[in-house]
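Next come the chains, spelled out residue by residue.
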Amino acid sequence: MSVATLLQRKEVCICAGSGGVGKTTVSAAVALGMAARGKKVAVLTIDPAKRLANSLGLPELGNEERLVKADVEGELWAMMLDPKRTFDEIVEWHAPDERTRDAVLSNRIYQELSNAVAGSQEYMAMEKLHELHQEGRYDLLVLDTPPTRNALDFIDAPKKLAAFIDSRALQLFAGPGLAGLKVLGRGSGLVFSVLTRATGIDLLQDLSAFFASFAGMTEGFRERAERVNALLADSRSAFVLVTSPRADAVEEAGWFHHRLLDAGLPFAGVVANRVRPAMPRGDPSHELAALLGDDALARKVMRTFEEERRLAARDRRNLADLKKRLGRKPMIEVPHLDDDVHDLDGLRRMDEFLFGRGRLDRR
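Model, not experiment: these values are computed from the prediction. (Residues numbered from 1 in each chain as written. Predicted model: local features only at pLDDT ≥ 70, side-chain atom pairs only at ≥ 80, totals over all residues. Heavy atoms only, no water.)

A. Quick look at the overall build of the chain. Looking only at helices and strands, the chain has 16 helices and eight strands in total. Within the chain, the fraction of its 363 residues that count as buried is 48%. Within the chain, residue pairs in contact and separated by at least 24 positions form 76% of the contacts whose partners lie at least 6 positions apart. (Helix = DSSP H or I, 4+ residues; strand = E, 2+ residues; numbered from the N terminus. Buried < 20%, exposed > 50% of the residue type's maximum accessible area, 1.4 Å probe, protein only. Contact = heavy atoms within 4.5 Å.)

Right, here's the structure in full:
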């Protein structure tokens, strides 16, 4: 089984997994490998460490795609999501006119709200993914998501946004003038009054202006949230779960797999990264002593060998447990490489295992 098989006839690949398993690197390697096989691919990341840019040989990434200079049959593009800018673009898209657009973007409440939402990057990542998919300029989009538990936020984000738009609270606050805000009560009004005198900012007026302007865009936001949710569940999308053989990462992977099934989302398979290859059986201590000519050194090397053999066996047990939970879904294994993957050459080394030319000894 190879990544190319998992992603056959797919237009979206969503790489999810817990932190510290090499998910960003795997996302880049998947994108590079598909581009090498003739696809026009864009890989999106919201990783604040910017490792993706480094591994692709780019000085930096921004909210627009950049072409990666790689020797591939297709094309490879990459971008680093700017959640705040993406939120602004959504407002610009849904605003009925320039006056409403400017009123929202310049509103102090919106500016604080957009920065807060930008801190929860998951939904903005899905918005950008949806936008690029709608444009249809790429054969495949690869999304590098946040760590697993947070990744569930972006799975639920479209539904939560739609629920918020339909909520009685928003309808109340979006009422004409200050009428909706009067329900806050006299005590709240006093608090706003004190804040206004202390800061010189009329928060009540800003709230009223923001919700009044936003009210005209709720239908567009609702429809967009529904389309984003539909993209997640579409048969043209595929969730690829990235894990490592660590017990905690395997547990997270099993839990996330179960969550994807419950949500009815298209789960393609697992990439197990940084797997130790099985060590040879037997006792090579005599051969080591003869080779090294030093019994004390041979014993030290043997202890290291036994520790590696123990860790490799543990990896096999953990992955075997995960395979049972996956059922018939495939698992692709990538070994623990000698050097850290930080450039295109390193990504190409991973290609051997992700796309089927390499293999791990499973003795």
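What follows picks up the thread again.
B. Fine view of a nonpolar patch on the surface. Together, Leu-291, Leu-292, Leu-297 and Val-301 line one region of the surface with nonpolar side chains, adding up to about 340 Å² of accessible area. At the level of elements, α14 (285-292) and α15 (295-326) are the ones that each hand at least two residues to the nonpolar patch. With respect to the element layout, Leu-291 can be found in helix α14. (Patch = residues over 30% accessible without salt bridge, like charges linked within 9 Å, V, L, I, M, F, W, Y side chains within 5 Å. Areas by Shrake-Rupley, 256 points an atom, 1.4 Å probe, with all protein chains shown as cover. Salt bridge = Lys/Arg side-chain N within 4 Å of Asp/Glu carboxyl O.)

C. Quick look at the packing of helix α13 (residues 247-263) against α15. Orientation of α13 relative to α15, taken along the N-to-C sense of each, is 5°, at an axis distance of 10 Å. Judged by the angle between their axes, α13 and α15 are roughly parallel. In this structure, α13 uses Ala-247, Val-250, Glu-251, Ala-253, Gly-254, Trp-255 and His-257 to contact α15, whose residues at the interface are Asn-318, Leu-319, Leu-322, Arg-325 and Leu-326. Here the contact of α13 with α15 is built from residues that sort into seven nonpolar, three polar and two charged. (Axes fitted to C-alpha atoms, helices over the stretch in contact; angles between N-to-C directions. Parallel < 35°, antiparallel > 145°, perpendicular 65-115°, else oblique. Nonpolar A, V, L, I, M, F, W, Y, C, P; charged D, E, K, R; others polar.)

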